[in-house]
Amino acid sequence: GCWQGAPWPTLRPIGTIETCFTEKFATPRQGAVVPDALARLKLDTLEDGVDARAALDGLEAYSHVWLVWAAHLNGHAAARAKVQAPHLRGGRTGVFATRSPFRQNPLGLSLVQLRGIQGDTVLLSG
């Protein structure tokens, strides 16, 4: 593959997200279902002395941002190639054909609405 012999890039969290959802089973599968649900992304101290506030400069010109996130609180790693998808009414399909966070690489991608920026915190919805 294309990474053969090359080092895999290291991903480091840049912050912590806080949402209005406190329970796993009360959290919707898609943000579009609850477009007014608010969240805050508080940037951590960035590496090499990068100023988090300066890194956000100009972001307010956009309506939406892409969030790459890790499903780090799953409690277990993926062990199955097929999972039960809700829309299949109990049927099973390949894990990569679903939004299941239980996968070999638990990374997610979400498009969210940018509501504002307050210092080192990004205000989001959806």
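Described below are features of the structure shown in this document. Note that the structure is predicted; figures quoted are calculated from it, not measured. (Residues numbered from 1 in each chain as written. Predicted model: local features only at pLDDT ≥ 70, side-chain atom pairs only at ≥ 80, totals over all residues. Heavy atoms only, no water.)

The grouping of L11, W66, V68, L107, L109 and L111 at the surface amounts to a nonpolar patch, some 680 Å² of accessible area in total. Going through the elements one at a time, β3 (64-70) and β6 (107-118) are the ones with two or more residues in the nonpolar patch. Residue contributions to the nonpolar patch peak at three residues, all from β6. Examined against the element boundaries, L11 turns out to sit in the segment before β1 (15-19). (Patch = residues over 30% accessible without salt bridge, like charges linked within 9 Å, V, L, I, M, F, W, Y side chains within 5 Å. Areas by Shrake-Rupley, 256 points an atom, 1.4 Å probe, with all protein chains shown as cover. Salt bridge = Lys/Arg side-chain N within 4 Å of Asp/Glu carboxyl O. Helix = DSSP H or I, 4+ residues; strand = E, 2+ residues; numbered from the N terminus.)

A few words on the pairing of strand β2 (residues 38-43). Along any regular strand the residues' side chains alternate between the sheet's two faces. Residues A39, L41 and L43 of β2 are buried on one face, while the alternating residues L38, R40 and K42, pointing to the opposite face, are not. Summarising the sheet, β1 and β2 pair through five bridges and their orientation is antiparallel. When the sheet's bridge partners are listed, T19 is paired in β2 with A39. Two strands pair when backbone bridges link them, and β2 and strand β7 (residues 121-125) are joined in this way by five bridges, in the antiparallel orientation. Residue pairing for β7: L38 is matched across the bridge by S125. (Buried < 20%, exposed > 50% of the residue type's maximum accessible area, 1.4 Å probe, protein only. Pairing = 2+ DSSP bridges.)

Another point: the pattern of salt bridges. Between side chains of opposite charge, a pair can form when the charged atoms approach closely. In the structure shown here, the tally under the stated rule is three salt bridges. Among the salt bridges present, the one from K42 reaches D120, with a minimum N-O distance of 2.7 Å. Of this pair, K42 sits in strand β2 while D120 is found in the loop between β6 and β7, placing the two residues 78 residues apart along the sequence. Looking at K42, the relative accessible area reads 39%, which means it is partly exposed. Classification of D120 by relative accessible area gives buried; the value is 17%.

A few words now on the sheet that holds β2. By definition, the strands of a sheet pair up through backbone hydrogen bonds, in either a parallel or an antiparallel sense. Spatial strand order, β1-β2-β7-β6-β3: five strands in an open sheet with antiparallel pairing. Single-partner strands in this sheet number two, and they are β1 and β3. Strand after strand, the sheet turns through a mean of 40 degrees between neighbouring axes, direction not considered. (Axes fitted to C-alpha atoms, helices over the stretch in contact; angles between N-to-C directions.)

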